[in-house]
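Here is how the chains run, residue by residue.
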Amino acid sequence: MIFSFGILRDSLYVPTQIGTRKFSTYTWANSFNRALAEQPTVPMLVEPYATRVPIALFLTGQLFVLSSTWALGITGTFLGDYFGILMDHRVEGFPFNVLRDPMYVGSTMCFTATALWRESPAGLMITLYVYVVYIIALRYEG
């Protein structure tokens with residue numbers, strides 16, 4: 001259900017124009033990008049770091065999110081343990097041998113990267129909020 005509703009949520013978003021420093025592309029916007037679209041921007045990093053840091057953060061974050069999804073599988077990723085579907089053993093390979101909670105850390109890195117790319121102080125505040133929610137979720141999951 002969680003996986004299905006996530007797919008449904010993502011399919012309901014309408015295409016929107018997202019401007020970047022050099023290019024304008026049409027893409028499926030998520031709610032985070034929508035929240036940032038109308039907020040004021042402030043340059044936060046000097047070039048070339050204004051592009052390199054967000055790209056590095058985003059790619060590393062996606063590596064952690066995707067590799068942890070791969071390691072846990074669909075059941076382990078989408079709260080299977082809450083429904084009594086337990087994994088046979090604890091996952092100890094990459095990325096869990098690098099981070100205790102790679103999916104949450106990777107997701108936070110992606111939010112941070114997006115806020116930096118969009119030069120959005122509001123995005124950084126939303127990222128902080130998301131991180132606090134992740135910390136609360138970890139208290140229940142741990």
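In what follows, the structure referred to is the one given above.
If you're wondering where the values come from, they're calculated on a predicted model, not measured in any experiment. (Residues numbered from 1 in each chain as written. Predicted model: local features only at pLDDT ≥ 70, side-chain atom pairs only at ≥ 80, totals over all residues. Heavy atoms only, no water.)

Considerations on helix α3 (residues 49-77)
Note: α-helices contain 3.6 residues per turn, so residues at a spacing of three or four share the same orientation.
At step 1: With 29 residues, α3 ought to run about 42 Å at 1.5 Å a step, yet its terminal C-alpha atoms sit only 33 Å apart, falling short of that.
At step 2: The sharpest bend along α3 measures roughly 70 degrees and falls at A71.
At step 3: Listed as buried for α3 are A50, P54, G61, F64, V65, S67, S68, L72 and T77.
At step 4: Contact partners of the buried residues in α3: α4 (102-117). (Helix = DSSP H or I, 4+ residues; strand = E, 2+ residues; numbered from the N terminus. Expected span 1.5 Å × (residues − 1). Bend = angle between axes of the 7 residues up to and from the residue. Buried < 20%, exposed > 50% of the residue type's maximum accessible area, 1.4 Å probe, protein only. Contact = heavy atoms within 4.5 Å.)

A few points about the packing of α4 against helix α5 (residues 121-141)
At step 1: Axis separation between α4 and α5 bottoms out at 9 Å; the angle between their running directions is 175 degrees. The angle between the axes of α4 and α5 places the two elements in the roughly antiparallel class. For the pair α4 and α5, contact is made by Y104, S107, T108, F111, T112, A115 and L116 and by G123, L124, T127, V130, Y131, Y134, A137, L138 and E141, respectively.
At step 2: Of the residues that constitute the contact of α4 with α5, the class distribution is 10 nonpolar, 5 polar and 1 charged. (Axes fitted to C-alpha atoms, helices over the stretch in contact; angles between N-to-C directions. Parallel < 35°, antiparallel > 145°, perpendicular 65-115°, else oblique. Nonpolar A, V, L, I, M, F, W, Y, C, P; charged D, E, K, R; others polar.)

Regarding a nonpolar patch on the surface
At step 1: On the surface, a nonpolar cluster with roughly 560 Å² of combined accessible area is contributed by M125, L128, V132, I136 and Y140.
At step 2: Mapped onto the secondary structure, Y140 falls in helix α5. (Patch = residues over 30% accessible without salt bridge, like charges linked within 9 Å, V, L, I, M, F, W, Y side chains within 5 Å. Areas by Shrake-Rupley, 256 points an atom, 1.4 Å probe, with all protein chains shown as cover. Salt bridge = Lys/Arg side-chain N within 4 Å of Asp/Glu carboxyl O.)

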